[in-house]
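Here are the chains, one letter per residue:
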Amino acid sequence: EREGTARVQARLDSIAAANAFMPAKPVTRQEMQKRLDDINATVYFETAGTTPKFDKHTDDIIRTLCASMMADDNLKAEITGHTDNTGSAEINIKYGQKRADALKKYMISLGAPAKNIETKSRGMEQPIVPNDSDENRARNRRATVILK
């Protein structure tokens, strides 16, 4: 009996793990925009990094956006990559683009249609806080998502 219980629990754990990677249910455009606004639709990156860092809440919102984009072909997103002021403007434009492209790749892996996602870079042109500390520079290394 103990072995049977362990198998059932292992199966439940497996189902829970699989569900953790499933996109959330689609929502309306208005609800999606509100959710993006609530998190400021921002994904952060390490110094010189191009791998998105998500907290669970932000990841859930991105997954919901992807599910909504799969359900509504008219839903389009624009991702803008940003950097801090470390390095040249030319290098920062490239890093910003790499960040936007990395987030797009992640969204495509979740099922969002590639044709409905535009990317661009603003480099270090639009900081959200002054680049006067490590903490602030970290906040400026980001990609933002808006609905089009």
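Coordinates for the structure precede this section.
The rules behind each value
Residues numbered from 1 in each chain as written. Predicted model: local features only at pLDDT ≥ 70, side-chain atom pairs only at ≥ 80, totals over all residues. Heavy atoms only, no water. Pairing = 2+ DSSP bridges. Helix = DSSP H or I, 4+ residues; strand = E, 2+ residues; numbered from the N terminus. Axes fitted to C-alpha atoms, helices over the stretch in contact; angles between N-to-C directions. Contact = heavy atoms within 4.5 Å. Salt bridge = Lys/Arg side-chain N within 4 Å of Asp/Glu carboxyl O. Buried < 20%, exposed > 50% of the residue type's maximum accessible area, 1.4 Å probe, protein only.

## What to know about the sheet that holds strand β3 (residues 117–123)
Two pairing modes exist for strands in a sheet, parallel and antiparallel, and in both the strands are linked by backbone hydrogen bonds. Taken in spatial order, the 4 strands of this open sheet run β1-β4-β2-β3, and their pairing is mixed. Two strands lie at the open edges of the sheet, namely β1 (42–44) and β3, each paired on one side alone. Within this sheet the neighbouring strands show an average axis-to-axis angle of 20 degrees, counted without direction. Pairing geometry for strand β2 (residues 77–82) and β3, over 6 bridges, is parallel. Paired with Ile79 across the strands is Thr119, a residue of β3. Each of β1, β2, β3 and β4 (142–147) is contacted by helix α3 (residues 56–71), which is oriented at about 40 degrees to β4, the strand it contacts most. Contacts from helix α4 (residues 89–109) reach β1, β2, β3 and β4, with the element oriented near 155 degrees to β3.

## Considerations on the environment of Met70
Relative to the helices and strands, Met70 resides in helix α3. As for Met70 and Pro113, which are separated by 43 residues in sequence, their C-alpha atoms are 6.6 Å apart.

## So, the pattern of salt bridges
Evaluation of the coordinates by the stated rule reveals 10 salt bridges. In this structure, Glu46 and Lys53 form a salt bridge, with 3.2 Å as the shortest nitrogen-oxygen distance. Residue classification places Lys53 among the partly exposed positions, given a relative accessible area of 40%. Here Lys94 ties to Glu90 by a salt bridge, and the two come within 3.7 Å at their closest N and O atoms. One end of the pair, Lys94, and the other, Glu90, are both in helix α4, 4 residues apart, so they sit about a helical turn from each other.

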